Amino acid sequence: MKKMSRNVLLQMEEEDDDDDGDIGDVPTSRRPFLTPHTHLPSSLVLENLGQTIIPDLGSLESQHDFRTPEFEEFNGKSDSLFFNDGQRRIDFVLVYEDESRKETSKKGTNEKQRRKRQAYESNLICHGLQLEATRSVLDDKLVFVKVHAPWEVLCTYAEIMHIKLPLKPNDLKNRSSAFGTLNWFTKVLSVDESIIKPEQEFFTAPFEKNRMNDFYIVDRDAFFNPATRSRIVYFILSRVKYQLINNVSKFGINRLVNSGIYKAAFPLHDCKFRRQSEDPSCPNERYLLYREWAHPRSIYKKQPLDLIRKYYGEKIGIYFAWLGYYTQMLLLAAIVGVACFLYGYLNQDNCTWSKEVCHPDIGGKIIMCPQCDRLCPFWKLNITCESSKKLCIFDSFGTLVFAVFMGVWVTLFLEFWKRRQAELEYEWDTVELQQEEQARPEYEARCTHVVINEITQEEERIPFTAWGKCIRITLCASAVFFWILLIIASVIGIIVYRLSVFIVFSAKLPKNVNGTDPIQKYLTPQTATSITASIISFIIIMILNTIYEKVAIMITNFELPRTQTDYENSLTMKMFLFQFVNYYSSCFYIAFFKGKFVGYPGDPVYWLGKYRNEECDPGGCLLELTTQLTIIMGGKAIWNNIQEVLLPWIMNLIGRFHRVSGSEKITPRWEQDYHLQPMGKLGLFYEYLEMIIQFGFVTLFVASFPLAPLLALVNNILEIRVDAWKLTTQFRRLVPEKAQDIGAWQPIMQGIAILAVVTNAMIIAFTSDMIPRLVYYWSFSVPPYGDHTSYTMEGYINNTLSIFKVADFKNKSKGNPYSELGNHTTCRYRDFRYPPGHPQEYKHNIYYWHVIAAKLAFIIVMEHIIYSVKFFISYAIPDVSKRTKSKIQREKYLTQKLLHENHLKDMTKNMGMIAERMIEAVDNNLRPKLE
C-alpha cells in the first residue's frame, strides 16, 4: 500500500455520539502525539511527537482522501496467520459491523461511525501499517480488518519504545544446581524439554536503527517475535487520531471500541488449543501451553514460565511466577498448620476445662444468665459442650507456636520472593524497565500546560498545574474515604442484625440438650446468629465490590497517572484499601470487639441506647472467628471460580450454540478468536486482588484457624491451572505488556506482614482463652489464690465464671417465664468480678488485673521477638543474590564492550575507506606529473 503524507481527520461540528468521558480528547494545537512519518529516522519521529497534524477541511461527502484497506476473500486456510499473500503476518485484528448491512433505522449515526472508522483506518495506513479486510464466513455483517506492521515500522517504533532486542547469544554458563542428587525428582516435576525447548538466551540492548548491524538479525521475520509485534502495533493503534471536533482531536482504538465503532481489537492466538496447526511454520505455542500447563494432567508440574512470558508477555508471566512461588511457600506453612491442628485434635480429650463444661455435675448444674433482655432465658452451660470440644482443637498451645511460625514464614516468603523477582528481571530483560516505559496516551492527551523543567531548563508539557493536582488528589482521597465509611456503616448494620436476631434465636431454639436430636448439640443461638450474619456479610461484600470497582476506575481515570504502571499502582491502592475494610472488618469485629464491652447482667452496655451489646460464647469468640474465616474464604473461592471460569465457559457455549448452523463451514483463525471472551484491561488486577485478600486471611487471622494455609494451598494449586485453562481456551489473546515486578502488591504484602504480627498476638491475648488459662494454672490454681496442692486446670470453669444475684436485675428478664430450669437466686456470667455481698461487688477482681497484665506482657514480648527475627531475616537476606548481581554486571559490561567494539570496527572501516580514497586521489594527482 502507498503511504499518505498526512493524516485525515473528520471535521464535525455536530454533537459527538461516542462520548465516554474526556479520555481521548485534546485540543489539536497542543497535542503531543504521533505523526504519520514512520519512514523517517526514529530520532525525527521522536522530535515530531509535538507537531500538529493538519486536519482535512473537506466536506464529509468527499472521500477522496480516505485510504481504505484491501478487501480479500477468505482463502480457506483456517490456521493461517498471514494475509492472503501468505507473506505478511497478521499482528492485530480489528472487527466492525458493516453499517450498510445493519438492520437499524439510525442511518445518520451509522454514517458518522463509518466515516470515523474510515478516517482512522486511513490514518493507520499513513503511519505505515498495512491493512487487509475480510468478511466473516458465518455473519456477512462482520468485517475483520487484519493489521500488519512492515519491517520499517517495527524498527522505528522499537526504537521509540526502547525495546530491548538481541545483540549476540549469551555465552555465560549457568551454575549447576546445589541439589544435584535430586535431579531425578526435579526432572519429574519439570516440563519435558523435548516438548517445550528452552529459549536461547541473548545479550540485549535497546534497539537503535542506526546501529542495526550490531544486532543479532539472522531472519528479519523472526527478529521481532509475535508478542513484540503486537505490542508495537497496539502502541500505534492507541495513539492514532480519527476525528476533530471544535479543534479537539479524538484518538485511540480503545475509544473506538468503547463507542461501538469497532466490535473488538485483539492479537491472534497462533493455533487451536486442542491440536497443532497445519501450517508447518507455526510454533504452536498455544497448544503447548494447554498441553503442558493448563491441562489437569500437568497439575503436578512446574510452570513453563519462559513460554508463558514469550506468548503472553512479562506482565502475565510475573503474575504466574509470583503465584507459583507463593503456592510453593504455602506448602511449608500448610504442613506446620496441619501438625498444629492434629496436636489440638489429639489432645482434645485432655482438655480439662472442656470436660468441666460437658460434665453433668459441673456444666450441667451451672445456670448462666440471659444474654439478652426480655426474650432470652436462663440456660445451662453444658449446651455449649460441642463447641467447647471444637474450641479445644483451635485454642491450644499449638496455636501459639503456629502464630510465631507464621510471623517468620511471611518474612521468609517476601524476602525470597524479592530474590526470585530479581532473577526474573535479569532473565526477562526488565531491569531498567521504568526508565523505558512510555506515557499513557490518555496522559499525553492532557498535556496542555507548559512548564520549565528544573533540571533541563527546557519547556515540557504537563496535564495540570500543581494547584490542579492538589484538587484532584483531594477529591480522589475524599471519594475513597467516603466509600470506606460506607463499608463501616454496613459493618455496623451487621452488628445491629446480630444483636436483633440473637433475641429471636434465643426464644425459638431449644433450651435443653436432647441426646436424640443431633442438631440441638450444634445449633445454639450463638452459632445460628454467627452463621447467618456471616452469610449476609458475604453477600454485602460482593455487592459493594461490584459497585466500588466502577467507582475506583472512575476515580483513577480522573487522577490521570502518567504511565500504565502508575495507573495500576494507584488503582491497586484504592481497591485494596476498600477491599481490606470490606473483607476484614467483620473478622476484626469478632476478634477484638465482640464480647469485650458488654458490662455485666445488672448493668449491660447498649448500642444506640437500644440494642444490648453482643456477648461471646462461654468458650470465647475464637470459634466464631474460625467460622467466619471458613465461610468467607470458602464462599469467596466458590464465587470467584463461578465468575472467572463458569461464566466465560457458559458464554462461549451459548455463542457456539448460536453458530451451530454454520458450524460445517471452515472458519479462519481471526473469526475463531473473535468468538472467545475478552479478558478486559483489569482482568489480571482482579487475579492479584483475589490472591492478596487470601494472603491476608492466611496471615492476619491464622492464630484462629491453622488450617487456612492448607485451604489456600489447595485453592492455589487449582487456581494456577484454572487461570491457565481460562487464558488458553476461553479468552482472546491479551496484548503483551512489560512488567518489572508485581507493582504495588509488594508493599501491600509487606504492610500485611507487619500488621499480622499485631493481629495474631492480640487474637491469642484477647480472643482466645490461652492467657487466662495460663494465669489460672500458674497462679490461681494453687495457694494463696487457689485450693489445689499442685498446678492443675481443675476448677478453671468455676473460677472464671462470676456470680450474679437474680434479684439485682434492673430489667424484666428476672421474670423469665421458662420454669423448666427452676427458680434460681443466682446465675453465672463470663467475667472476672467480685460476687454479690462483697464490699466491691460486681467490680473487677484481682484475677482480672492479673490477666490484663499477662495479656499486655504477652503482646509486647511476642511482638518484639517476632519483629526482631523479621528484621534480622530481612537484613541477612539481600534482595538481589550475589549471583544475579554478577550476571547483571557481567552482561552490562559485555554489552557495552560489544557495542564499543562494533563502533570501533565501523570507525576503522570508515577511516580505512577514507584513507584509501585519499591515497587514490593523491596517486591520481601525482601520476601525471611523474609521467
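- Under the annotation held in an unreviewed UniProt entry, the chain carries the name Anoctamin and is attributed to Piliocolobus tephrosceles.
- Heading Sequence similarities (unreviewed entry) of the UniProt record for the chain holds this comment: "Belongs to the anoctamin family."

### Remarks on the environment of Pro 463
Inference 1: Secondary-structure assignment places Pro 463 in the loop between β15 (459–462) and α16 (466–508).
Inference 2: A residue is classified by how much of its surface remains accessible, and Pro 463, at 10% relative accessible area, is buried.
Inference 3: Between the alpha carbons of Pro 463 and Val 450 there is a distance of 8.9 Å; along the sequence they are 13 residues apart.

### What to know about the pairing of strand β4 (residues 92–97)
Inference 1: With 5 of 6 residues buried, β4 is to be regarded as a mostly interior element.
Inference 2: Note that β4 and strand β11 (residues 264–266) share 3 bridges and pair antiparallel. Residue pairing across strands places Val 95 opposite Ala 264, the latter belonging to β11.

### Points about the state of the cysteines
Inference 1: One pass over the structure, following the stated rule, counts 3 disulfides.
Inference 2: Sulfur-sulfur distance for the disulfide between Cys 351 and Cys 392 comes to 2.2 Å. Negative torsions about the S-S bond denote left-handed disulfides, and the value of about -70 degrees found for Cys 351 with Cys 392 makes this one left-handed. Separated by 41 residues along the polypeptide, Cys 351 in the loop between α10 (314–346) and α11 (352–358) and Cys 392 in helix α12 (residues 385–394) bring together distant segments of the chain. An identical accessibility class is assigned to Cys 351 and Cys 392; each is buried.
Inference 3: The disulfide partner of Cys 358 is Cys 385, and the gap between their sulfur atoms is 1.9 Å. Between Cys 358 and Cys 385, the S-S dihedral sits near 105 degrees, and the bridge is therefore right-handed. One end of the pair, Cys 358, is in helix α11; the other, Cys 385, is in helix α12, and 27 residues separate them in sequence.
Inference 4: Overall, the relative accessible area of 14% leaves Cys 385 in the buried class.

### A word on the sheet that holds strand β5 (residues 130–135)
Pairing between the strands of a sheet is mediated by backbone hydrogen bonds and can be parallel or antiparallel.
Inference 1: Strand order in the open sheet formed by 5 strands is β3-β5-β6-β4-β11, with mixed pairing between adjacent strands. Sheet topology places β3 (70–71) and β11 at the edges, where each strand pairs with a single neighbour.
Inference 2: The strands touched by helix α6 (residues 226–237) are β4 and β6 (142–148); relative to β4, the strand with the most contacts, the crossing angle is about 45 degrees.

### Things to note about a nonpolar patch on the surface
Inference 1: Together, Ile 638, Ile 642, Leu 646, Leu 647, Trp 649, Ile 650, Met 651, Leu 653 and Ile 654 make up a nonpolar patch on the protein surface, roughly 780 Å² of accessible area in all.
Inference 2: Structurally, the position occupied by Ile 642 is in helix α20 (residues 622–658).
Inference 3: On the basis of relative accessible area, Ile 642 is assigned to the partly exposed category, the value being 42%.

### Considering the environment of Trp 428
Inference 1: With respect to the element layout, Trp 428 can be found in the loop between α13 (397–427) and α14 (433–436).
Inference 2: The exposure class assigned to Trp 428 is buried, which follows from its relative accessible area of 2%.
Inference 3: Non-local contacts of Trp 428, meaning those with residues more than four positions away in its chain, are made with Leu 305, Asp 306, Arg 309, Glu 314, Gly 317, Ile 318 and Lys 738.
Inference 4: A polar contact of 3.1 Å, which involves the side chain of Trp 428, links it to the side chain of Asp 306.

### Focus: the packing of helix α3 (residues 151–160) against α6
Inference 1: Their axes nearest at 10 Å, the elements α3 and α6 cross at an angle of 80 degrees. With respect to α6, the axis of α3 lies roughly perpendicular. Residues Val 153, Leu 154, Tyr 157, Ala 158 and Ile 160 of α3 form the contact with α6, whose own contacting residues are Arg 229, Ile 232, Phe 235 and Ile 236.
Inference 2: Residue composition of the contact of α3 with α6, grouped by class: 8 nonpolar, no polar and 1 charged.

### Notes on the packing of aromatic side chains
Inference 1: According to the stated counting rule, one finds 60 aromatic pairs in the structure shown.
Inference 2: Note on Phe 92 and Tyr 234: the rings are 6.0 Å apart at their centroids and 25 degrees apart in plane angle, and the pair reads as stacked. One end of the pair, Phe 92, is in strand β4; the other, Tyr 234, is in helix α6, with 142 residues separating them in the sequence.
Inference 3: Relative to Tyr 216, the ring of Phe 202 lies with its centre 5.2 Å away and its plane at 45 degrees, an arrangement referred to as tilted. Here Tyr 216 lies in the loop between β8 (202–206) and α5 (220–223) and Phe 202 lies in strand β8, a separation of 14 residues in the sequence.
Inference 4: Taking the relative accessible area as the measure of exposure, Tyr 216 reaches 34% and is therefore partly exposed.

Rules used in this analysis
- Residues numbered from 1 in each chain as written.
- Predicted model: local features only at pLDDT ≥ 70, side-chain atom pairs only at ≥ 80, totals over all residues.
- Heavy atoms only, no water.
- UniProt positions renumbered as here; feature names shortened; annotations may be inferred.
- Helix = DSSP H or I, 4+ residues; strand = E, 2+ residues; numbered from the N terminus.
- Buried < 20%, exposed > 50% of the residue type's maximum accessible area, 1.4 Å probe, protein only.
- Pairing = 2+ DSSP bridges.
- Disulfide = S-S within 2.5 Å.
- Contact = heavy atoms within 4.5 Å.
- Axes fitted to C-alpha atoms, helices over the stretch in contact; angles between N-to-C directions.
- Patch = residues over 30% accessible without salt bridge, like charges linked within 9 Å, V, L, I, M, F, W, Y side chains within 5 Å.
- Areas by Shrake-Rupley, 256 points an atom, 1.4 Å probe, with all protein chains shown as cover.
- Salt bridge = Lys/Arg side-chain N within 4 Å of Asp/Glu carboxyl O.
- Polar contact = N/O pair within 3.5 Å; in protein donor to acceptor, adjacent residues only side chain to side chain.
- Parallel < 35°, antiparallel > 145°, perpendicular 65-115°, else oblique.
- Nonpolar A, V, L, I, M, F, W, Y, C, P; charged D, E, K, R; others polar.
- Phe/Tyr/Trp six-rings, centres within 6.5 Å; stacked < 30°, edge-to-face > 60°.

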